[in-house]
Amino acid sequence: MMIAHSRRVPMTARPLTCVAHVLALAVLIVGTAFPTWAQDFQVVAKGAMAPGSNVVIRSGLPGASDNGICDDITPALLGGDDVLRVPPGKSDPYQPEIHDPFVGGNDVIDSVPAGDDTLSAVICPGGDNILQSIPSGDDLIATTANRLCQLCPGGACIVPGANAVLETTVNPADVAVPFVSTGADGIAQTTATGDDFQQVAVGKGSPDTVCVDAGPDHIADTTLCGNGILDFQENGPTGGQNCDDGNTTGGDGCSATCQAETGWSCSNVINTLSVCTPICGDGLIVGGEACDDGNTRNDDDCLKTCQPASCGDGFIHTRGTPPFEQCEPPNSANCDATCRFLPFCGDGIVQPGEECDDGNSRNDDACVLGCKNAFCGDGFLERGVEECEPPNTATCDAICHTIHPPRCGDGVVDPGEECDDGNSSNQDDCLNTCQLPTCGDSFIHSKGTPPFEECDDGNTAPGDGCSATCLRECGNGVIDGGCSQGTVGAACHGNDDCDTAPGAGDGVCVGEACDPGLANICIPGPLECSNVCKIASCGNGEVECDEECDLGAALNGVPGSGCLATCTRNVVGKNEFSTRECLNAWTLDSPPGDLGQRTQTCNDGAPCDFDSIPGQCTFRVGVCLNRSGIAGCERGKIRTFDVGGLRLNRPPNAAALATITQAVAELAPPGGATVPDRCRAGARGKTCTIPNNHQCDRLLGSNDGVCDLGATVVFLPPLDPADAGGDQLSNCTPGKDIVVKVNSVLRLSSRVTKNTGRTDGDKLKLICRP
């Protein structure tokens with residue numbers, strides 16, 4: 001059957017907003033696949049005032065989940081004066097199901113109604129947008145809120161009344177718009193054909209169908225809560241997690257208003273009965289929980305299943321309330337009926353047959369394997385008591401102490417030794433060779449028992465700068481010398497002193513060229529008397545006054561020698577001429593490598609090796625302090641010079657430390673620098689005085705202290721350069737012999753500190769290769 005419009009309104013007369021709204025609605029309803037389930041939707045909670053539309057329950061969640069059918073509500077659920085607007089399984093009756101397209105339609109209904117669907121029509125205003133037809137029969141004038149009026153361009157329209165038949169005569173100025181109605185059950189049963197538009201999908205109802213309204217009192221008395229079917233919204237917009245366990249009783253996980261209760265978790269599958277279970281571990285005891293301590297541990301009073309811990313539950317109870325368990329399961333190997341260990345060696349309890357039981361499996365304490373008391377000879381080394389096992393051997397005595405072969409430096413005077421003070425100093429009453437110090441042994445005796453030496457050049461010949469009694473000759477105001485002819489070897493002040501007989505004239509005295517006394521040494525002038533009592537001259541092989549070095553005229557200025565032709569040093573390190581580096585620098589005579597590198601490797605016997613002894617390299621190392629000629633560098637006020645990182649139990653290290661600190665101390669005038677001794681064992685780092693080892697004992701009389709060489713030169717007053725008004729004797733020390741064994745490495749690290757706290761550190765690594 002084909003029904004045409006009585007008069008088609010030109011599309012230009014139709015408001016575009018209305019067309020767009022209807023098209024969008026149609027796409028939402030027809031173009032979207034519905035879920036296989038359908039649920040009603042509680043608009044307002046039971047007991048609450050309904051909004052102006054008086055709606056309590058609609059046909060579904062607005063949008064794609066609304067099938068337009070009242071699925072869940074039944075007359076039995078109605079309460080108060082609420083009105084069941086649509087019976088269960090039905091939708092709004094006689095609503096537009098199919099209509100002609102608003103744009104480009106053929107002006108006829110091509111579809112054939114099926115089921116109880118019917119053909120119907122509404123009367124819309126014509127081009128003047130004024131409704132001029134007069135309703136007849138039970139027809140009604142409706143507003144745009146009515147779904148039927150949405151078929152019109154806008155404004156009011158005339159719709160069929162209760163009999164669903166349009167009885168009004170159409171005024172020529174108006175237009176009748178036909179459509180297929182959903183019939184009395186409100187369910188679409190007709191499929192659109194031709195160019196007709198399917199507004200409601202077959203098998204669905206009109207969206208937003210009102211299932212229940214609030215009745216005359218406008219208060220909701222009906223709820224979906226408790227019907228055993230989880231809906232989109234069980235009892236109005238109450239927030240929280242919805243549930244429906246088929247009742248309205250609280251305390252079972254789902255409250256009387258169908259909300260999940262605190263401490264419970266409810267299944268949340270739409271269209272099913274909610275199942276609620278207690279949340280074990282949240283600290284709340286609900287439902288069938290016997291306990292809930294808020295955690296998921298299995299070693300305390302409450303298991304993670306919220307059941308109390310007990311012996312036999314498979315978990316070892318070690319926290320919370322005693323009695324605690326030691327093992328599981330009970331009545332098994334090593335575990336008794338109360339979940340406690342059966343007695344065994346190592347349980348911390350001395351059982352019959354055991355001598356001890358300290359609860360551990362160590363064999364280096366007082367209780368060893370088999371719970372036996374430790375003793376010397378048991379085969380185990382007891383910590384802090386024994387040094388060796390077994391006893392009574394060549395290296396282990398009867399009380400399990402290690403037998404050490406006699407050696408120089410063990411603090412015990414053995415046969416062949418004159419002394420043994422156990423330290424590394426060659427400046428005290430006992431040399432490192434365990435021999436007593438003597439003038440001429442090459443070591444300056446400056447510590448221990450007086451008389452002390454001021455110098456020691458390895459001999460007792462006079463006139464070479466160090467007297468036969470090891471006192472400095474230069475600076476005493478007397479021209480000292482030694483006879484090279486006549487009475488050879490005797491001390492002299494002139495040739496006459498060397499004659500073999502008075503007036504013989506066969507004597508020759510060789511010695512100082514000058515000696516104006518210490519206060520007048522190194523005073524600049526044409527005949528400047530140097531600090532070695534020679535007329536100062538760069539190139540004479542003596543480091544004098546403000547010279548930093550002097551290897552002699554033949555070597556000064558030779559590339560690689562380390563000493564320039566001006567008797568100034570080439571220092572080690574590529575950054576030693578920056579504004580912060582004038583305070584401290586290492587020097588090296590005849591360096592084997594580029595002076596810009598702090599690592600220097602010498603081959604045994606090469607020019608950088610200043611000895612002829614195989615198996616070692618003797619480097620000539622010096623130190624410069626307060627160097628001049630570096631722009632922007634603040635010199636002076638040096639308080640300390642430290643050498644770090646040398647282990648004194650290694651003889652080459654101890655010798656290097658003593659040599660370097662003594663040379664640096666000699667940059668100050670006599671009495672201007674000290675090198676405090678330090679404790680190497682016992683109270684480590686404490687200041688002491690060699691050879692008083694007892695000053696280093698950790699406890700009075702413990703005899704565990706060793707007073708050894710200090711690594712810090714202390715200047716008092718602080719060291720200032722001579723050209724700045726200070727009393728520093730020279731900018732640099734002479735190159736001093738530092739021995740490094742073949743295939744060994746010596747790491748030297750220095751740091752100077754000024755009165756202001758400013759520091760300058762430098763490193764030098766010396767390597768000897770075969």
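Here the structure is a predicted model, which means the values were calculated and not measured.

> With reference to specific residues and values, describe the overall build of the protein.
When helices and strands are tallied, the protein shows two helices and 31 strands. The C-alpha radius of gyration computed for the protein amounts to 56 Å, which surpasses the reference 27 Å derived for 770 residues by more than 25%, pointing to a less compact arrangement than a globule. The dimensions of the protein, computed from C-alpha atoms along their principal axes, are 175 × 85 × 45 Å. The contacts of the protein with a sequence gap of at least 6 include a subset with a gap of at least 24, amounting to 52%. Approximately 36300 Å² of the protein is accessible, and the part contributed by carbon and sulfur atoms is 57%. Once the 45 positive and 104 negative side-chain charges of the protein are each reduced to a mean point, those two points are 6 Å apart.

> Account for the confidence of the model for the protein, with residues named and values stated.
The share of residues in the protein with pLDDT of 70 or more is 95%, and the mean pLDDT across the chain is 87. Averaged pLDDT values over the elements of the protein bottom out at 36 in helix 1 (residues 16-30) and peak at 96 in strand 16 (residues 372-373). In this model, residues 1-37 is a region of pLDDT below 50 whose contacts with residues beyond four sequence positions or in other chains number 84 contacts.

> Tell me what's going on with the environment of K447, and back it up with residues and numbers.
Take K447: it is sitting in the loop between strand 16 and strand 17 (481-485). Residue class for K447 comes out buried when judged on its relative accessible area of 13%. For the pair formed by K447 and N426, sequence separation is 21 residues and the distance between their alpha carbons is 9.2 Å. Excluding residues that lie within four positions of it along the chain, K447 makes contacts with Q427, D428, D429, F452, V675, D677 and I690.

> Any details on the packing of aromatic side chains? Residues and values, ideally.
Going through the model one piece at a time under the given rule, you end up with one aromatic pair. Measuring from ring centre to ring centre gives 5.7 Å for F341 and F344, while their planes differ by 85°; the resulting arrangement is edge-to-face. Residue classification places F344 among the partly exposed residues on the basis of a relative accessible area of 32%.

> I'd like a rundown of unusual backbone geometry, residues and numbers included.
What is expected of a backbone is that most residues other than glycine have negative phi and most peptide bonds are trans. Cis rather than trans, the peptide bond between E328 and P329 has omega equal to -10°. Positionally, P329 belongs in the loop between strand 14 (276-278) and strand 15 (367-368). For the bond running from I690 to P691, omega is 10°, close enough to zero to count as cis. Take P691: it is sitting in the loop between strand 26 (687-688) and strand 27 (706-708). Here N334, not a glycine, exhibits a phi torsion of approximately 70°, which is positive. Within the fold, N334 resides in the loop between strand 14 and strand 15. Positive phi, close to 60°, is recorded for C533, a residue that is not glycine. Examined against the element boundaries, C533 turns out to sit in the loop between strand 19 (508-511) and strand 20 (584-588). Residue classification places C533 among the buried residues on the basis of a relative accessible area of 0%.

> So what's going on with the state of the cysteines? Which residues, and what values?
Two cysteines form a disulfide when their sulfur atoms are joined by a covalent bond. Tallied over the full model, the rule gives 31 disulfides. For C439, the disulfide goes to C470, at an S-S distance of 2.0 Å. Here the S-S torsion is close to 100°, and the disulfide linking C439 with C470 is therefore right-handed. Here C470 lies in the loop between strand 16 and strand 17 and C439 lies in the loop between strand 16 and strand 17, a separation of 31 residues in the sequence. Accessibility expressed as a relative area gives 25% for C439, which makes it partly exposed.

> Just give me the short version of the sheet that holds strand 3 (residues 55-58), but keep the residues and values in it.
Read from one edge to the other, the open sheet built from four strands follows the order 2-3-12-4, with strand pairing classed as antiparallel. Of all strands in the sheet, those with a lone pairing partner are strand 2 (41-42) and strand 4 (83-84), marking the two edges. As paired strands, strand 2 and strand 3 are joined by two bridges and run antiparallel to one another. What sits directly across from Q42, in strand 3, is I57.

> Now, about the side chain of D414: what can you tell me, with residues and values included?
With respect to the helices and strands, D414 occurs in the loop between strand 16 and strand 17. For D414, the contacting residues outside a window of four places in its chain are P406 and R407.

> Account for the sheet that holds strand 22 (residues 616-625), naming residues and giving values.
Reading across the sheet, the three strands line up as 20-22-29 and stay open at both edges, with antiparallel pairing between neighbours. Edge positions in the sheet fall to strand 20 and strand 29 (736-741), since each of these pairs with one other strand and no more. In this sheet, neighbouring strand axes are inclined to one another by 40° on average, regardless of whether the strands run parallel or antiparallel. Across five bridges, strand 20 lies against strand 22 in antiparallel orientation. Each bridged residue has a counterpart across the sheet, and for W586 the counterpart in strand 22 is V623. Strand contacts of helix 2 (residues 651-665): strand 20, strand 22 and strand 29, with the helix running at about 165° to strand 29, the strand carrying the most contacts.

> Could you give an account of the pairing of strand 28 (residues 712-719), naming the residues involved and the relevant values?
Pairing analysis gives four bridges linking strand 23 (residues 638-644) to strand 28, with the strands arranged antiparallel. In the strand pairing of strand 28, I638 is matched with L719. The pairing of strand 24 (residues 673-674) with strand 28 spans two bridges and is classified as antiparallel. Of the residues in strand 28, the one forming a bridge with A673 is F715.

> Give a detailed account of the environment of P62, specifying residues and quantitative values.
When you line up the elements, P62 lands in the loop between strand 3 and strand 4. Residues P62 and F41, 21 residues apart in the sequence, show an inter-C-alpha distance of 8.4 Å.

> Lay out the pattern of salt bridges in plain terms, naming residues and giving numbers.
The tally for this structure, following the rule as stated, stands at 14 salt bridges. Its salt-bridge partner being R598, residue D762 comes within 3.3 Å of it at the nearest N-O pair. Pair noted here: D762 is in strand 31 (residues 759-769) and R598 is in the loop between strand 20 and strand 21 (599-603), with a separation of 164 residues, a long-range link. For D762, a relative accessible area of 3% translates into the label buried. D720 serves as the salt-bridge partner of K637, at 3.0 Å between the closest nitrogen and oxygen. Residue K637 is found in the loop between strand 22 and strand 23, and its partner D720 is found in the loop between strand 28 and strand 29; the two are separated by 83 residues along the sequence. The exposure class of K637 is partly exposed, given its relative accessible area of 40%. Taking the relative accessible area as the measure of exposure, D720 reaches 17% and is therefore buried. One connected set of salt bridges, linked through shared partners, spans R297, D299 and R319.

Each value, and the rule that gives it
Residues numbered from 1 in each chain as written. Predicted model: local features only at pLDDT ≥ 70, side-chain atom pairs only at ≥ 80, totals over all residues. Heavy atoms only, no water. Helix = DSSP H or I, 4+ residues; strand = E, 2+ residues; numbered from the N terminus. Rg over C-alpha atoms; globule rule 2.2 N^0.38 Å. Contact = heavy atoms within 4.5 Å. Areas by Shrake-Rupley, 256 points an atom, 1.4 Å probe, with all protein chains shown as cover. Lys, Arg positive; Asp, Glu negative; His and termini not counted. Charge placed at Lys NZ, Arg CZ, Asp CG, Glu CD. pLDDT = per-residue confidence, 0-100. Buried < 20%, exposed > 50% of the residue type's maximum accessible area, 1.4 Å probe, protein only. Phe/Tyr/Trp six-rings, centres within 6.5 Å; stacked < 30°, edge-to-face > 60°. Disulfide = S-S within 2.5 Å. Pairing = 2+ DSSP bridges. Axes fitted to C-alpha atoms, helices over the stretch in contact; angles between N-to-C directions. Salt bridge = Lys/Arg side-chain N within 4 Å of Asp/Glu carboxyl O.

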